[in-house]
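Here's the letter readout for the chains.
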Amino acid sequence: MKKRILTGDRTTGRLHLGHYIGSLQSRVKLQDEYDTFILLADVQALTTHFERPELINPSIYDVTMDNLSVGLDPEKITIVQQSHVSAIAELTVFYSMLVSVNSLRHNPTIKTEAKQYGYGDLTYGFLGYPVSQTADITFCNADLVPVGEDQIPHIELSRKIVRRFNDLYGETLTAPKAMLSETPRLPGIDGNSKMGKSLGNAIYLSDDRDTVTAKVKSALTDTNRIALTDKGNPDICTVNVYHKAFNSEEHANICDMCRNAKIGCVACKKELSNKLNDMLDPFREKRAYYEQHLDEVKEIIRSGTAKANEIGRETVQRVQAAMKVTL
Ligand code: TRP
């Protein structure tokens, strides 16, 4: 039997190149080796965007199409809408008994995000989302969770909850392991260390050719390099990070030419946007298909969620029996 992996995306907008390099690309490879579940985390999206539900709903389709367009095969994977799996809500309540408020308060990712969003007094939902995320992972007995570095504290918490549950009530839940992404984080086109939807510095998988070209043109380079004859420093150039990530065959050569003023920023950017556009073209084509067949997209989500509910029901029954929540 194949091992099961579960990973998820918050549905707060379309996915970008940072998501692609950090996770989507590896999902495509993993789907053959593992029984793959992709969670559309629309409830978790509400923890930060509850005042903008009109943004979350279309993102459910956008995130699904982003995943499908890069090559995830709906015949192989299971796409699940978090809000419609009742087991996730139920397990969250049971697990909440086993988590101290202080451990959530001290969670470094919660702290960073609270600062980023400017939260002072945290909502119960936001503070507790790592508990809900534990339910995301355990309802389907996932063995492995492919994630980036920032999610490690959450997976550690999940493991703690599972361990505590199994110690108290007997072996019931599968302890998940993090499968850490090895690719370094992709900076935004403005040079900010993170490419982010809310930061306005992202290149989206669904951007058209002209948009990608224009965004790359505006990207930050070595600001000390003014004239074409100035020698550049690729080590402090954002465009260079992208060449390394998306144009690895030419990367060393480009660095060399930049250092010796043999290529200008305009040409260097042109090469990058051509490379990106060549990579994105087949994704755009697939996406266009799904945009014209939204019923198919909905059916993929509906059937994946139905399968998740079946599995989740069974997990809740085991959890209730273990906790003696029975008649
Ligand atoms: N918290 C994750 C993020 O912000 C998204 C997510 C929700 C997730 N549920 C999950 C990731 C379960 C892995 C497993 O990216």
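No experiment lies behind these values; they were computed from the predicted model shown. (Residues numbered from 1 in each chain as written. Predicted model: local features only at pLDDT ≥ 70, side-chain atom pairs only at ≥ 80, totals over all residues. Heavy atoms only, no water.)

Surrounding the ligand, one finds 13 residues, the nearest of these being R10, Q44, Q133, D136 and Q151. D136 places a side-chain nitrogen or oxygen 2.8 Å from a nitrogen atom of the ligand. Against a free-state accessible area of 370 Å², the protein chains account for coverage of 88% of the ligand. Listing elements by their share of the shell around the ligand, those giving two or more residues are β1 (4–10), β2 (35–41), α8 (129–138) and β4 (144–147). (Near = heavy atom within 4 Å. Polar contact = N/O pair within 3.5 Å; in protein donor to acceptor, adjacent residues only side chain to side chain. Areas by Shrake-Rupley, 256 points an atom, 1.4 Å probe, with all protein chains shown as cover. Helix = DSSP H or I, 4+ residues; strand = E, 2+ residues; numbered from the N terminus.)

Take unusual backbone geometry next. Unlike most non-glycine residues, A261 shows phi in positive territory, near 55°. On the secondary structure map, A261 appears in the loop between α12 (248–259) and α13 (265–292). For A261, a relative accessible area of 24% corresponds to the partly exposed category. The residue K324 is not glycine, and still its phi comes out positive at about 60°. Considering the arrangement of structural elements, one finds K324 in the segment after α14 (294–322). (Buried < 20%, exposed > 50% of the residue type's maximum accessible area, 1.4 Å probe, protein only.)

A few words on the packing of helix α4 (residues 86–95) against α8. Where α4 contacts α8, the two axes come as close as 8 Å, and the packing angle between them is 125°. When the axis of α4 is compared with that of α8, the two are oblique. Considering how the two elements wind past one another, α4 and α8 form a crossing that is right-handed. On α8, the residues that touch I88, L91, T92 and Y95 of α4 are V131, S132, T134, A135, D136 and T138. Considered class by class, the residues forming the contact of α4 with α8 number 5 nonpolar, 4 polar and 1 charged. (Axes fitted to C-alpha atoms, helices over the stretch in contact; angles between N-to-C directions. Parallel < 35°, antiparallel > 145°, perpendicular 65-115°, else oblique. Left-handed = near helix turned anticlockwise from the far one by under 90°. Contact = heavy atoms within 4.5 Å. Nonpolar A, V, L, I, M, F, W, Y, C, P; charged D, E, K, R; others polar.)

Attention now moves to the domain arrangement of the protein chain. Splitting the protein chain by domain gives domain 1 (4–186 + 294–322) and domain 2 (207–287). Each of domain 1 and domain 2 has a C-alpha centre, and the two are 34 Å apart. In this assembly, 12 residues from domain 1 lie in contact with 9 residues from domain 2. Summed over both sides, the interface of domain 1 with domain 2 buries roughly 970 Å², with 70% coming from carbon and sulfur. Taken as a group, L17, S69 and L186 account for 50% of the area that domain 1 buries against domain 2, more than any other trio of residues on that side. Put simply, domain 1 and domain 2 have 2 salt bridges between them. Here R287 ties to D62 by a salt bridge, and the two come within 2.8 Å at their closest N and O atoms. Linking domain 1 with domain 2 are 2 residue pairs in polar contact (both at pLDDT 80 or more). Among the secondary structure elements, those contributing two or more residues to the side of domain 1 that touches domain 2 are α1 (17–33) and α3 (53–69). (Domains from an automatic or database assignment. Buried area = accessible area lost by both parts, 1.4 Å probe. Salt bridge = Lys/Arg side-chain N within 4 Å of Asp/Glu carboxyl O.)

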